[in-house]
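# Results of the structural survey
Here are the chains, one letter per residue:
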Amino acid sequence: QVQLVESGGGLVQAGGSLRLSCVASGSDFSFESMAWYRQAPAKQREMVATFPNSGWTSYANSVKGRFFISRDIAKNLVWLQMNGLKPEDTAVYYCNAVKSTDLLPLWGQGTQVTVSS
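Residues numbered from 1 in each chain as written. Predicted model: local features only at pLDDT ≥ 70, side-chain atom pairs only at ≥ 80, totals over all residues. Heavy atoms only, no water.

As a further point, take the side chain of Glu6. Along the chain, Glu6 turns up in strand 1 (residues 3-7). Within the buried core, Glu6 has no salt-bridge partner, and the shortest N-O distance to an opposite charge, that of Arg45, equals 7.6 Å. Side-chain polar atoms of Glu6 contact the backbone nitrogen of Gln109, separated by 3.1 Å. At 2.9 Å, the side chain of Glu6 forms a polar contact with the backbone nitrogen of Gly110. Filtering out sequence-adjacent residues up to four positions away, Glu6 remains in contact with Ser21, Cys22, Trp36, Tyr93, Tyr94, Cys95, Gly108, Gln109, Gly110 and Thr111. (Helix = DSSP H or I, 4+ residues; strand = E, 2+ residues; numbered from the N terminus. Buried < 20%, exposed > 50% of the residue type's maximum accessible area, 1.4 Å probe, protein only. Lys, Arg positive; Asp, Glu negative; His and termini not counted. Salt bridge = Lys/Arg side-chain N within 4 Å of Asp/Glu carboxyl O. Polar contact = N/O pair within 3.5 Å; in protein donor to acceptor, adjacent residues only side chain to side chain. Contact = heavy atoms within 4.5 Å.)

Right, dumping it as structure tokens:
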């Protein structure tokens, strides 16, 4: 059984930085892609950044130039470097991975990021 575990969230002042990490643990597996999503209170979950096996990363317009996704495909690790944080970045951030075997998505439990003004 595969699990995704996020870490690195916390409270930071506007303009600060945080680095989120996500590790996949469990049986032997591989992913087509890994990504980060976020969900703010009373809002829908939205994609923040994706990193497919092709290496062609993509970002939400709201984070372009400030957030950077990186991934270790062999070790099933993904990171999100968040710079220039804004209060509107406050949300629960979720790690996402799409399994190569059945293309079903997996989700982590989420990590809270709070940016104070």
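On we go.
Here we come to the environment of Ser30. Among the structural elements, Ser30 can be located in the loop between strand 3 (18-25) and strand 4 (31-39). In contact with Ser30, not counting residues within four places along its chain, are Val98, Lys99 and Ser100.

Our focus in this paragraph is the state of the cysteines. By the definition in use, this model includes 1 disulfide. With its sulfur 2.1 Å from that of its partner, Cys22 forms a disulfide with Cys95. Across the S-S bond linking Cys22 and Cys95, the dihedral sits near -80 degrees, which makes this disulfide left-handed. One end of the pair, Cys22, is in strand 3; the other, Cys95, is in strand 9 (residues 91-99), with 73 residues separating them in the sequence. (Disulfide = S-S within 2.5 Å.)

With that out of the way, let us pick up unusual backbone geometry. At Ala42, a residue that is not glycine, the phi angle is positive and equals roughly 65 degrees. Even without a glycine there, the phi angle at Leu103 is positive, about 60 degrees. Take Leu103: it is sitting in the loop between strand 9 and strand 10 (105-107). On the basis of relative accessibility, which here comes to 55%, the residue Leu103 falls in the exposed class.

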